[in-house]
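The lines below spell out each chain.
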Amino acid sequence: MSYVGQLVVIKGAGDLATGCAWRLFRSGFRVLMTELPQPLVVRRTASFAEAVYTGSTRVERIEAVLAEDREKAQQLLENGKVPLLIDPQAVVVNQLKPLVLIDGVMAKKNIGTSINDAPLVIGLGPGLTAGVDVHAVVETKRGHYLGRVLYEGQAIPDTGVPGVVMGYGTERLLRAPADGVVEPLRNIGDLVQKGEKLLTVGGTSLLAEIAGVVRGMIRAGTRVSRGMKIGDIDPRGKKEYCYTISDKALAVGGGALEAICTYLSNKGNKDK
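What you see is a predicted model, and the numbers here were worked out from it, not measured in a lab.

Draft legend 1. Local environment of helix H3 (residues 70–78). Listed as buried for H3 are Ala73, Leu76 and Leu77. For H3, the buried positions fall inside an angular range of 105° around the axis, keeping them on one side. Where H3 is buried, its residues touch strand S1 (7–11), strand S2 (30–35), strand S4 (62–67) and strand S5 (82–86). One side-chain oxygen at the N-terminal end of H3 lies 3.3 Å from the backbone nitrogen of Glu71; it belongs to Asp69. Directly after H3, the chain includes Gly80, whose backbone phi takes a positive value near 75°.

Draft legend 2. Representation of the environment of Pro83 in the model. Looking at the element boundaries, Pro83 is found in strand S5. Taking relative accessible area as the criterion, Pro83 reaches 0% and is therefore assigned buried. Linking Pro83 and Leu32, residues 51 residues apart in sequence, is a C-alpha distance of 5.1 Å.

Draft legend 3. View of the pairing of strand S6 (residues 100–103). Here S6 shows a buried face lined by Val100 and Ile102 and a second buried face lined by Leu101 and Asp103. As paired strands, S1 and S6 are joined by 4 bridges and run parallel to one another. Bridging from a neighbouring strand, Val8 pairs with Val100 of S6. By the bridge criterion, 4 bridges tie S6 to strand S7 (residues 120–124) in an arrangement that is parallel. When the bridges of S7 are listed, Asp103 appears paired with Gly123.

Draft legend 4. Examining the sheet that holds strand S13 (residues 197–201) more closely. In space, the 4 strands of this open sheet follow the order S14-S13-S11-S16, with antiparallel pairing throughout. Here the strands that pair on one side only, and so sit at the sheet edges, are strand S14 (204–207) and strand S16 (223–224). One ladder, built from 2 bridges, connects strand S11 (residues 180–184) with S16; its direction is antiparallel. Along S16, the bridge assignment pairs Gly180 with Val224.

Draft legend 5. Focus on empty space enclosed by the protein. For the coordinates displayed, the defined rule picks out 1 cavity of 30 Å³ or more. Space inside the largest cavity adds up to approximately 40 Å³. Together, Asp103, Val105, Met106, Ala107, Lys108, Lys109, Leu124, Pro126 and Leu128 line the largest cavity. Classifying every residue of the lining of the largest cavity gives 6 nonpolar, no polar and 3 charged.

Criteria and thresholds
Residues numbered from 1 in each chain as written. Predicted model: local features only at pLDDT ≥ 70, side-chain atom pairs only at ≥ 80, totals over all residues. Heavy atoms only, no water. Buried < 20%, exposed > 50% of the residue type's maximum accessible area, 1.4 Å probe, protein only. Helix = DSSP H or I, 4+ residues; strand = E, 2+ residues; numbered from the N terminus. Arc of directions from axis to C-beta. Contact = heavy atoms within 4.5 Å. Polar contact = N/O pair within 3.5 Å; in protein donor to acceptor, adjacent residues only side chain to side chain. Pairing = 2+ DSSP bridges. 1 Å grid on protein atoms, 1.4 Å probe; cavity = no way out; pocket = protein on both sides within 12 Å on 5 of 7 lines; lining within 4 Å. Points joined across faces, edges and corners; volume = space filled by probe spheres on them. Nonpolar A, V, L, I, M, F, W, Y, C, P; charged D, E, K, R; others polar.

Structure (structure tokens):
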């Protein structure tokens with residue numbers, strides 16, 4: 001079976017799902033993504049989910065465009081774009097019947113994906129069981145197993161502790177200091193110093209714990225709860241990292257591509 005032009009639907013359009021979409025699109029697949037009406041995305045400048053708010057967005061020369069309905073999404077597919085549908089239940093999967101469905105919502109649990117949704121169903125990260133909820137799971141935790149494809153069991157459980165970059169782990173994360181509405185004082189791509197005020201939530205200030213570049217920041221005006229991840233600082237201080245797909249997202253995308261190629265190879269052998 002030829003893979004060129006085959007349709008892949010990805011639920012979720014955050015940074016890891018975008019890494020998958022980017023790799024698959026560049027490899028010749030048609031890709032359609034679904035999202036919530038108000039997605040909560042931190043790495044907005046490297047996520048196709050931003051198109052929900054802006055109408056369209058580019059990540060490394062590939063454009064995602066918000067589609068108002070299925071017909072418009074099909075037109076965008078024909079024109080070489082990545083359509084993004086506001087479709088929380090992913091109803092479009094039953095309508096278009098893609099070859100592959102990827103659950104990239106990163107909910108840490110199954111919130112509606114079935115192994116019967118498509119000929120090949122792939123889950124990203126923990127919360128989905130290979131062989132039960134999906135056919136395959138791609139590991140998303142940084143470390144030795146990042147990007148590996150699992151055909152049994154689950155990915156490593158989420159610890160809430162980010163990977164270490166230049167010796168910094170939890171210090172890199174920006175978490176809401178209170179319940180309320182986010183009011184950023186700095187933008188993605190800004191260089192900041194330790195102790196600098198970055199934003200307020202409900203009138204409570206959040207200070208940078210380390211120096212670096214603001215790599216992620218949730219949209220202004222978003223209502224959040226205390227402790228929620230709302231941004232991150234990259235201590236490497238390279239602005240271009242804010243606008244390009246991360247090594248982690250590329251590794252996860254590579255795992256998804258491997259799972260699809262393995263499926264197509266096995267199917268091709270059976271059809272001979």
